[in-house]
Amino acid sequence: MPRLQAGEDVNQQPGSWKLRPNSRTRIPNLFLAGDWVKTPINVTTMEGANQGGRQAVNALLDAADSNADRCDVHELFEQPLWAPFKANDRIRYALRLPHQFDVLDTRWPGR
């Protein structure tokens, strides 16, 4: 498992998924929420934080044996419009070419 250094940001780093806690913990009355907990969308955004909050509420309701409706926790919506651009990006990356929208990137020779 990767180890973090003091002050290092865990969000969206390779291997960071293993470091993220679940919303429900082993402590019966401790629930975690935020963009840094494991959620189905795995994005460090406000939507990720909202998902973490929904999960925490659901865990609390489960712990309380509540019959209240649970919050909707869903997968990240990916706009189909971007699929061709993503496919092109994967090809360009495999060919070691810059992203198609890079207009100025001094790391690429001849640019």
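Residues numbered from 1 in each chain as written. Predicted model: local features only at pLDDT ≥ 70, side-chain atom pairs only at ≥ 80, totals over all residues. Heavy atoms only, no water.

**Q** I tried to follow the overall build of the protein on my own but got confused; where do I start?
**A** A tally of regular secondary structure across the protein gives two helices and zero strands. Counting the 111 residues in the protein, one finds 17% classified as buried. For the protein, restricting intrachain contacts to residue pairs at least 6 apart in sequence, the fraction spanning at least 24 positions comes to 25%. Element-wise, carbon and sulfur atoms account for 56% of the exposed surface of the protein, whose accessible area totals about 8600 Å². (Helix = DSSP H or I, 4+ residues; strand = E, 2+ residues; numbered from the N terminus. Buried < 20%, exposed > 50% of the residue type's maximum accessible area, 1.4 Å probe, protein only. Contact = heavy atoms within 4.5 Å. Areas by Shrake-Rupley, 256 points an atom, 1.4 Å probe, with all protein chains shown as cover.)

**Q** Help me understand the pattern of salt bridges in this model?
**A** A side chain with one charge can pair with a side chain of the opposite charge if their charged atoms come near. Summed over the entire model, instances satisfying the criterion amount to three salt bridges. Residue E47 is joined to R54 by a salt bridge in which the shortest nitrogen-to-oxygen separation is 3.4 Å. One salt bridge in this structure joins R70 and D62, with 2.9 Å as the shortest N-O distance. Note on D62: relative accessible area 38%, which makes it partly exposed. (Salt bridge = Lys/Arg side-chain N within 4 Å of Asp/Glu carboxyl O.)

**Q** Help me understand the packing of aromatic side chains in this model?
**A** Applying the stated criterion across every chain, the model contains two aromatic pairs. The interplanar angle of 50° and the centroid separation of 5.5 Å between the aromatic rings of W82 and F85 together place this pair among those described as tilted. Judged by centre distance (5.8 Å) and plane angle (40°), the rings of F85 and F101 are tilted. Residue F85 is found in helix α2 (residues 83-94), and its partner F101 is found in the segment after α2; the two are separated by 16 residues along the sequence. The partly exposed category is assigned to F85, whose relative accessible area is 33%. Taken together, the aromatic side chains of W82, F85 and F101 make up a single cluster linked through ring pairs. (Phe/Tyr/Trp six-rings, centres within 6.5 Å; stacked < 30°, edge-to-face > 60°.)

**Q** How do you make sense of the environment of A64 when you look at a structure like this?
**A** Inspection of the secondary structure puts A64 in the loop between α1 (46-63) and α2. In sequence terms A64 and N29 are 35 residues apart; their C-alpha atoms lie 9.5 Å from each other.

**Q** Help me understand α1 in this model?
**A** Because each turn of an α-helix spans 3.6 residues, side chains separated by three or four positions in sequence point in the same direction. Look at α1: 25 Å from first C-alpha to last across 18 residues, which is about the 26 Å you get at 1.5 Å a residue. The distance from a side-chain oxygen at the start of α1 to the backbone nitrogen of E47 is 3.3 Å, and the residue carrying that oxygen is T45. D65, located one to two residues past α1, shows a positive phi value of around 55°. (Expected span 1.5 Å × (residues − 1). Polar contact = N/O pair within 3.5 Å; in protein donor to acceptor, adjacent residues only side chain to side chain.)

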